[in-house]
Amino acid sequence: MNICGCLVHVAQDALPKARAQIEALDGTEVHAQSDDGRLVVVVVEDTDTAFASDIIMSLHQIRGVISLTINYHHFEEPPQRPSPAAPQPET
């Protein structure tokens, strides 16, 4: 599991369109917006098709994005489970 919290600063004239593009990306959620164009993107997480780091890089490419900072990062390995078809050792 890989989760990042980011602060994204967007030019005010580009804010509505940029916010819509951010929210359209799988693995992102905008949780707050200020009047001066700052967005709190609390969840940027790994998806089945992209890593969080790739999603964050794509946020930089959205027209009107001035800056992006990662303010929180959580990572943990998923628990390892044996395959259901794995042979069991004899006792």
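Here the structure is shown first, and the text comes after it.
Residues numbered from 1 in each chain as written. Predicted model: local features only at pLDDT ≥ 70, side-chain atom pairs only at ≥ 80, totals over all residues. Heavy atoms only, no water.

Student: Looking at this model, I keep getting lost on helix α1 (residues 15-24). Mind explaining?
Tutor: Side chains three or four residues apart in an α-helix point the same way, a direct result of the helix having 3.6 residues per turn. Restricting attention to buried positions, one finds in α1 the residues Leu-15, Ala-18 and Ile-22. Relative to the axis of α1, the buried residues are bounded by an arc of 70° and lie together on one face. Facing away from the buried side of α1, by more than 90 degrees, are the exposed residues Pro-16, Lys-17 and Ala-24. (Buried < 20%, exposed > 50% of the residue type's maximum accessible area, 1.4 Å probe, protein only. Helix = DSSP H or I, 4+ residues; strand = E, 2+ residues; numbered from the N terminus. Arc of directions from axis to C-beta.)

Student: What should I look at first to understand the environment of Ile-66 in this one?
Tutor: Here Ile-66 lies in strand β4 (residues 65-75). Classification of Ile-66 by relative accessible area gives exposed; the value is 55%. A C-alpha to C-alpha distance of 9.5 Å links Ile-66 and Gly-37, two positions 29 residues apart in sequence. What Ile-66 contacts, discounting residues up to four positions off in sequence, is His-9, Val-10 and Ala-11. (Contact = heavy atoms within 4.5 Å.)

Student: Please clarify how the nonpolar core should be interpreted in this entry.
Tutor: Side chains of a nonpolar character, in soluble globular proteins, are inclined to be buried together. Counting 19 residues, the largest nonpolar core has Cys-6, Val-8, Val-10, Ile-22, Leu-39, Val-41 and Val-44 as its most contacted members. Elements represented by at least two residues in this core include exactly β1 (2-10), α1, β3 (38-45), α2 (52-60) and β4. Not counting residues within four places of it along the chain, the set of residues in contact with Val-10 comprises Leu-15, Ala-18, Asp-36, Gly-37, Leu-39, Gly-64, Val-65 and Ile-66. (Core = buried A, V, L, I, M, F, W, Y, C linked by side-chain atoms within 4.5 Å.)

Student: Quick question: what am I supposed to make of the pattern of salt bridges here?
Tutor: For side chains of opposite charge, pairing can occur when their charged atoms come near one another. Summed over all chains, the structure comprises two salt bridges. Where Arg-19 meets Glu-23, a salt bridge forms, and the shortest distance between an N and an O atom there is 3.0 Å. One end of the pair, Arg-19, and the other, Glu-23, are both in helix α1, four residues apart, so they sit about a helical turn from each other. Residue Arg-19 is classed as partly exposed on the basis of its relative accessible area, which comes to 22%. (Salt bridge = Lys/Arg side-chain N within 4 Å of Asp/Glu carboxyl O.)

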